[in-house]
Amino acid sequence: MEEVKLMKGNEAIAHAAIRAGIDGYFGYPITPQSEVLETLEAEMPWRTTGMVVLQAESEVAAINMVYGGAAAGKAVMTSSSSPGISLKQEGISYIAAAELPALIVNVMRGGPGLGTIQPSQADYFQATKGGGHGDYHLIVLSPASVQEMADFVVEGIDLSFKYRTPVMILADGVVGQMMEKVVLPPFRPRRTDEQVREQCPWAAMGKGDRKHRNIVTSLELDPAPMEVNNERLQATYKRIAENEARCKEFYTDDAEYLIVAFGSIARISLKAIEEMREMGIKVGLLRPVTLWPFPTKEIERLSKQVKGILTVELNAGQMIEDVKLAAECKIPVHHFGRMGGIVPNPGEITHAFLSAFPEAKQN
Amino acid sequence: MKEEIIIAGFGGQGVLSMGKILAYAGLMDNLEVTWMPAYGPEQRGGTANVTVILSDEPISSPVLDKYDTAVILNQQSLDKFESKVKPGGTLIYDPYSIHHAPERTDITVIPVEAMEATFELGNSKTYNMILLGALLKARNLLPDEAVIRGLKKTLPERHHHLIPLNQQAIDKGRDLVK
């Protein structure tokens, strides 16, 4: 059996990357995710698996190194926090347009601007609705525990190769900085050049004995083939939306009300729900595990069962738009959030719920 | 068993490392643990606190508003967390840096002269381990053996020669709780 370890979410990302057979990590330090790069440098995986770890001169350089590595069929990743992720958006759009696999980790901090180093979820719109320019999506995974920080590195890089699209782990400063128990994924070797050549016929890794050259680009000046490129992307997104939406439900069987929350705040909400259940109020929790694609069907189903929904987010109300679309405005959907790096405690969430649905208490 | 603990003081007092050793000790005792820090950008000064939860069941929220036990190292933290100890809970504090002693009567308040004890031990860096010893005794939390294994996991190997000193400080802290 694998050893149970105690570590920070950021450290788990780094260890999982080495074990997942990642070929290259390119980053630039920023709080609250600097431990990813620090842990990789301390572990020195270039001596063991041959993984490249490079501190680039900037976030822009790092994401373009990812673009280059991905174009050669390598399993590559980067990580940053909100302001750094904004800098990477041009590169992310190019990687999406070029249909390349890559893993991007955003450990969100309070914004806008340089903001604060404390936890936030204010980059939901940026991650799920584009972020960079053009019609594209990322697959967005939302971890709520240190275990999921590790697991989603493996799942994320695999999904990115399956669909040839960049995947983002959208974490927040709480799961990045907190320590808890984790079982790291088993080691799997990095792919050999032969395996890459076989599994990624699109990779630009030398012509070899192929008849044609692989050219990776996001540029297509002629609008007709550019529209074809877009249609191909949209077909991929349709397949992803049909197959990859995931969520977790707690206490929903008999729920009369629902809280929808993602990431760390989902766990804080769960504690509030446990306290409200002791008061006799039947509240359930739905935690979207993928933010794109969004678990619309499950929320739609529960919206026919419950009397009202409260979304709890570390922002001014972003995911609530997707929840409202899923519930089709048939029941009241309210929002509670704290901004700028403030993390509410369970008592505040209970108070917010009872303020939104005072009738829940009287039953 | 579930113990929800806040440890709070100034940055540099060893608040986060004390929580870390406690969390590792919990791991060694096969408990579920979370360690959730809150601090500013400073390495020294400013306030720092850490929430440690030890439980034999899965832990939902790592962030809390009520605590079974508070370990308080300065006045600001006492002002902030005294009211957040659950009725019947425990508040451990060092009177050395406290001007207004805790006033609650519905909790167990335990003053621990930890700073004084560091003078006796001749090493100010043992401060947090003395308070950890006091916490372990006051709440009868974890077996000694788990704590020492926790220390070994937390300290880099080049510092392992300091484990006997840390053990001494933990014992000193235990002795300070009647």
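Residues numbered from 1 in each chain as written. Chains lettered and ligands numbered in written order. Predicted model: local features only at pLDDT ≥ 70, side-chain atom pairs only at ≥ 80, totals over all residues. Heavy atoms only, no water.

Asks: Explain the domain arrangement of chain A to me, please; I cannot follow it from the model alone.
Replies: Quoted interface sizes are often the accessible area lost when the parts come together. Residues and elements named next belong to chain A. Domain boundaries in chain A define domain 1 (4–194) and domain 2 (247–362). Relative to domain 2, the C-alpha centre of domain 1 lies at a distance of 28 Å. Each partner contributes to the interface: domain 1 provides 30 residues, whereas domain 2 provides 25 residues. Interface of domain 1 and domain 2: buried area, both sides summed, is about 2,100 Å²; carbon and sulfur atoms make up 55% of it. Considering only the surface of domain 1 that becomes buried against domain 2, Gln121, Tyr124 and Ser142 emerge as the three largest contributors, covering 32% of it. (Domains from an automatic or database assignment. Contact = heavy atoms within 4.5 Å. Buried area = accessible area lost by both parts, 1.4 Å probe.)

Asks: So what exactly am I meant to see when it comes to the packing of helix α5 (residues 144–154) of chain B against helix α6 (residues 163–176) of chain B here?
Replies: Axes are the key here: two packed helices are described by the angle between their axes and the distance separating the axes. Residues and elements named next belong to chain B. Close contact between α5 and α6 brings their axes to 11 Å; oriented N to C, the two are set at 140°. For the element pair α5 / α6, the angle class is oblique. In this structure, the crossing between α5 and α6 has a hand that is right-handed. Residues Asp144, Val147, Ile148, Leu151 and Lys152 of α5 touch α6, and the partners they reach there are Ile163, Asn166, Gln167, Ile170 and Arg174. In terms of residue class, the contact of α5 with α6 is built from five nonpolar, two polar and three charged. (Axes fitted to C-alpha atoms, helices over the stretch in contact; angles between N-to-C directions. Helix = DSSP H or I, 4+ residues; strand = E, 2+ residues; numbered from the N terminus. Parallel < 35°, antiparallel > 145°, perpendicular 65-115°, else oblique. Left-handed = near helix turned anticlockwise from the far one by under 90°. Nonpolar A, V, L, I, M, F, W, Y, C, P; charged D, E, K, R; others polar.)

Asks: So what exactly am I meant to see when it comes to the environment of Pro83 of chain A here?
Replies: Residue and element names in this part refer to chain A. Inspection of the secondary structure assignment puts Pro83 in helix α4 (residues 82–97). Residues Pro83 and Gly111, 28 residues apart in the sequence, show an inter-C-alpha distance of 7.9 Å. With residues near it in sequence (within four places) discarded, Pro83 still touches Ile30, Arg109, Gly113 and Leu114.

Asks: What is the right way to read the confidence of the model for chain B from this model?
Replies: A low pLDDT score tells you not to read the predicted coordinates there in detail. Looking at chain B as a whole, its pLDDT mean stands at 93, while 97% of the residues score no less than 70. Overall fold confidence for the complex sits at a pTM of 0.95, while the interface term, ipTM, reaches 0.91. (pLDDT = per-residue confidence, 0-100.)

Asks: I keep staring at the nonpolar core and nothing clicks. Help me out?
Replies: Generally speaking, soluble globular proteins have nonpolar side chains that are buried together. With 117 residues, the main nonpolar core has Ile259, Ile309 and Phe353 of chain A as its most contacted residues. With nine residues, the single largest contributor to this core is helix α6 (residues 146–163) of chain A. Composition of this core by domain shows at least three residues from each of domain 1 (4–194) and domain 2 (247–362) of chain A. Dropping the residues within four chain positions of it, Ile259 of chain A is found in contact with Ser269, Ile273, Met276, Val283, Gly284, Leu285, Leu286, Leu310, Val312, Ile349 and Phe353 of chain A. In terms of nonpolar packing, the next biggest core, distinct from the first, is built from 46 residues, Met179 of chain A together with Leu31, Ile110 and Leu132 of chain B among them. (Core = buried A, V, L, I, M, F, W, Y, C linked by side-chain atoms within 4.5 Å. Buried < 20%, exposed > 50% of the residue type's maximum accessible area, 1.4 Å probe, protein only.)

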